[in-house]
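What follows is the residue order along each chain.
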Amino acid sequence: VWGQPNSKTTPAPTSKPALKPKLMPTARPRNWRRLVLMGLAGAIVLGSAIALFVFSLLKRSEPAQFALERARTHPAAVAKTGIPLEVGWVVSGSLRYNGSAGTVRLSLPVRGPNGGGTIHVRGVKRDGRWSYSELRMAPADGTRAIDLRTLN
């Protein structure tokens, strides 16, 4: 009969074991390390970009600009740091707005040709106007802090 195995045409089974199927090649061990390193580098770059953006926002805020202008015109602060007075990279603190109200608490590192220090700002915003409970510059040389709320 056509299409049916015939003992004359069908080969006899052999005693050789069946071959195992080949597995698909896996990624080389170095590839996962590269991916982890690229992921870490990406996270560091993204985190740094976010931090620089936040520092930039804090430095350009109205309270920070007011404090910097006061330090640039205050005679005792100018005597300690000199002019021009520049703000450092790492500004720390918080700035919160809620409509025409808000709170601020900042530390601005500053540096001039004669020395540096840190300007501390603390205040509240009511009805669109800032009032500061603390506005002082602590010189880096450890001398007495300068109250920037008064121009003496």
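Now for a quick tour of the structure.

Rules used in this analysis
Counting restarts for each chain, with residues numbered from 1 along the sequence as it is written. A pLDDT threshold of at least 70 governs which residues receive local features in this predicted model, and a stricter bar of 80 or more applies before side-chain atom pairs are shown or counted, although totals over entire chains, interfaces and linings include all residues. Note that water and hydrogens are dropped before the side-chain values are worked out from all heavy atoms of the structure. Definition used in this section: a nonpolar core is a set of buried Ala, Val, Leu, Ile, Met, Phe, Trp, Tyr and Cys residues joined via side-chain atoms within 4.5 Å. Burial status follows relative accessibility: with a 1.4 Å probe on protein chains alone, a residue under 20% of its type maximum counts as buried, one over 50% as exposed, and anything between as partly exposed. Only DSSP runs of H or I with at least four residues qualify as helices, and only runs of E with at least two residues qualify as strands; both kinds are numbered from the N terminus onward. For this analysis, residues touch if any pair of their heavy atoms sits within 4.5 Å. The convention is simple: Lys and Arg are positive, Asp and Glu are negative, and His and the chain ends are not counted. Throughout this description, the term salt bridge denotes a Lys or Arg side-chain nitrogen within 4 Å of a carboxyl oxygen of Asp or Glu. Here a polar contact means two N or O atoms within 3.5 Å. Within protein one must be a hydrogen donor candidate and the other an acceptor candidate, and residues neighboring in sequence count only if both atoms are side-chain atoms. Strand pairing is assigned whenever DSSP detects at least two bridges linking the two strands.

Below, the discussion takes up the nonpolar core. The biggest cluster of nonpolar side chains holds 20 residues, and the ones touching the most others in it are Leu108, Ile119, Val121, Met137 and Leu148. When contributions to this core are tallied by element, the ones reaching two or more residues are helix H2 (62-73), strand S3 (101-112), strand S4 (115-126) and strand S5 (129-139). Apart from the residues within four sequence positions on either side, Met137 is in contact with Ala77, Lys80, Thr81, Val110, Thr118, Ile119, Ala145, Ile146 and Leu148.

Attention now moves to the environment of Phe55. Structurally, Phe55 is set in helix H1 (residues 29-59). Phe55 sits 35 residues away from Val90 along the chain, and the two C-alpha atoms are 6.3 Å apart. Beyond its immediate stretch of four places on either side in the chain, Phe55 contacts Trp89, Val90 and Val91.

This paragraph deals with the side chain of Arg70. Relative to the helices and strands, Arg70 resides in helix H2. Comment: no salt bridge for buried Arg70; closest opposite-charge side chain is Asp147, at 7.3 Å. Polar side-chain contacts of Arg70 include one of 2.6 Å to the backbone oxygen of Arg149. If sequence neighbours within four positions are ignored, Arg70 has contacts with Leu135, Leu148, Arg149, Thr150 and Leu151.

Going residue by residue along S3, you find Gly102, Val104, Leu106, Leu108, Val110 and Gly112 tucked away on one face and Ala101, Thr103, Arg105, Ser107, Pro109 and Arg111 left uncovered on the opposite face. Here strand S1 (residues 86-87) runs beside S3; their pairing, made up of two bridges, is antiparallel. Across the sheet, the residue bridging to Val87 is Val110, located in S3. Pairing between strand S2 (residues 92-98) and S3: seven bridges, direction antiparallel. If you follow Asn98 over to S3, its bridge partner there is Ala101. In this antiparallel pair of consecutive strands, S2 and S3, the connection spans two residues, and Gly99 shows a positive phi of 70 degrees. The hairpin formed by S3 and S4 contains two residues between the paired strands.

In short, the description is geometric, and any link to function would need to be established separately.
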